[in-house]
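Chain by chain, the residues run as shown.
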Amino acid sequence: LGLSFLELESLEGWGLFTLIFFVVIIEIGFLNILIAQLALAYEELSADKEGFAMMSRAYMVVEMESFMPISYRQKIYEEFNFDKPLEFDGGDEGPAGGIQLKQPASMRAHEKYIPDRVIRYAGEASPNDPWPLEGEEEEIIEEVDLEYRGDDNPSQQ
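Residues numbered from 1 in each chain as written. Predicted model: local features only at pLDDT ≥ 70, side-chain atom pairs only at ≥ 80, totals over all residues. Heavy atoms only, no water.

## Examining the overall build of the protein chain
Part 1 of the argument: Along the protein chain, the regular secondary structure elements total five helices and two strands.
Part 2 of the argument: Taken across its 157 residues, the protein chain has 5% of its residues classed as buried.
Part 3 of the argument: Counting contacts in the protein chain only where the partners sit at least 6 residues apart, residues at least 24 apart contribute 26% of the total. (Helix = DSSP H or I, 4+ residues; strand = E, 2+ residues; numbered from the N terminus. Buried < 20%, exposed > 50% of the residue type's maximum accessible area, 1.4 Å probe, protein only. Contact = heavy atoms within 4.5 Å.)

## Focus on helix α2 (residues 13–65)
Part 1 of the argument: With 53 residues, α2 should reach 78 Å at 1.5 Å per residue; the first-to-last C-alpha distance of 75 Å fits that figure.
Part 2 of the argument: Along α2, the sharpest kink reaches roughly 45 degrees, centred on K49. (Expected span 1.5 Å × (residues − 1). Bend = angle between axes of the 7 residues up to and from the residue.)

## Thoughts on unusual backbone geometry
Among all residues save glycine, negative phi is the norm, and among peptide bonds the norm is trans.
Part 1 of the argument: A positive phi angle, near 55 degrees, is found at N81, a position not held by glycine.
Part 2 of the argument: Following the sequence through the fold, N81 ends up in the loop between α3 (70–79) and β1 (85–89).
Part 3 of the argument: You can call N81 partly exposed: its relative accessible area is 33%.

## Re a nonpolar patch on the surface
Part 1 of the argument: Together, W14, F17, I20, F21, V24, I25 and I28 give the surface a local cluster of nonpolar side chains, amounting to about 750 Å² of exposed area.
Part 2 of the argument: Mapped onto the elements of the fold, I20 is located in helix α2. (Patch = residues over 30% accessible without salt bridge, like charges linked within 9 Å, V, L, I, M, F, W, Y side chains within 5 Å. Areas by Shrake-Rupley, 256 points an atom, 1.4 Å probe, with all protein chains shown as cover. Salt bridge = Lys/Arg side-chain N within 4 Å of Asp/Glu carboxyl O.)

## A closer look at the confidence of the model for the protein chain
Part 1 of the argument: Here the protein chain shows a mean pLDDT of 78. Residues at 70 or above account for 74%.
Part 2 of the argument: Per-element mean pLDDT across the protein chain ranges from 64 in helix α1 (residues 5–10) up to 90 in α3.
Part 3 of the argument: Counting contacts from residues 152–157, a segment whose pLDDT is below 50, to residues more than four positions away or on other chains yields three contacts. (pLDDT = per-residue confidence, 0-100.)

## Things to note about the packing of aromatic side chains
The way to describe two aromatic rings as a pair is by their centre distance and the angle between their planes.
Part 1 of the argument: A full pass over the atoms with the stated rule returns two aromatic pairs.
Part 2 of the argument: Residues Y77 and F82 carry aromatic rings whose centres are separated by 5.0 Å and whose planes lie at 45 degrees to one another, so their mutual orientation is tilted. (Phe/Tyr/Trp six-rings, centres within 6.5 Å; stacked < 30°, edge-to-face > 60°.)

## A word on a negative patch on the surface
Part 1 of the argument: Together, E138, E139, E142 and E143 give the surface a local cluster of negative charge.
Part 2 of the argument: When you line up the elements, E142 lands in helix α5 (residues 136–149).
Part 3 of the argument: A relative accessible area of 53% means that E142 is categorised as exposed. (Lys, Arg positive; Asp, Glu negative; His and termini not counted. Charge placed at Lys NZ, Arg CZ, Asp CG, Glu CD.)

Here it is as structure tokens:
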């Protein structure tokens, strides 16, 4: 407790009991705070472990790739077609430099699926093409939503 023997002798029964009780309660409180901090640190680290694992794998791939000859690395790069633009939809091309992944159609039928808020107009674009009128966009969104959900009769909604 940090008290000298003479100071402890001068305390009577209840005073000594109160002092020891107070010190024990404070130590328990500090231990609870320490445990809570450790639990939060563990939770944050375990949430990031997948990201750390991916970074570690990417680091190993880059390190192993550095041992390959340049001609072989160039061949792999050309097989990925990074110079070709990605296609969002038929006639709707996006930026180049990526790998396209197709999403399964079952994903669009899920009840929690939210259609893309970006309205894409497929085909060639020109400054002379007319811009959609007010209200046409909502109709297009409803049509796309019905198409994705597979509902042919919109009057039953």
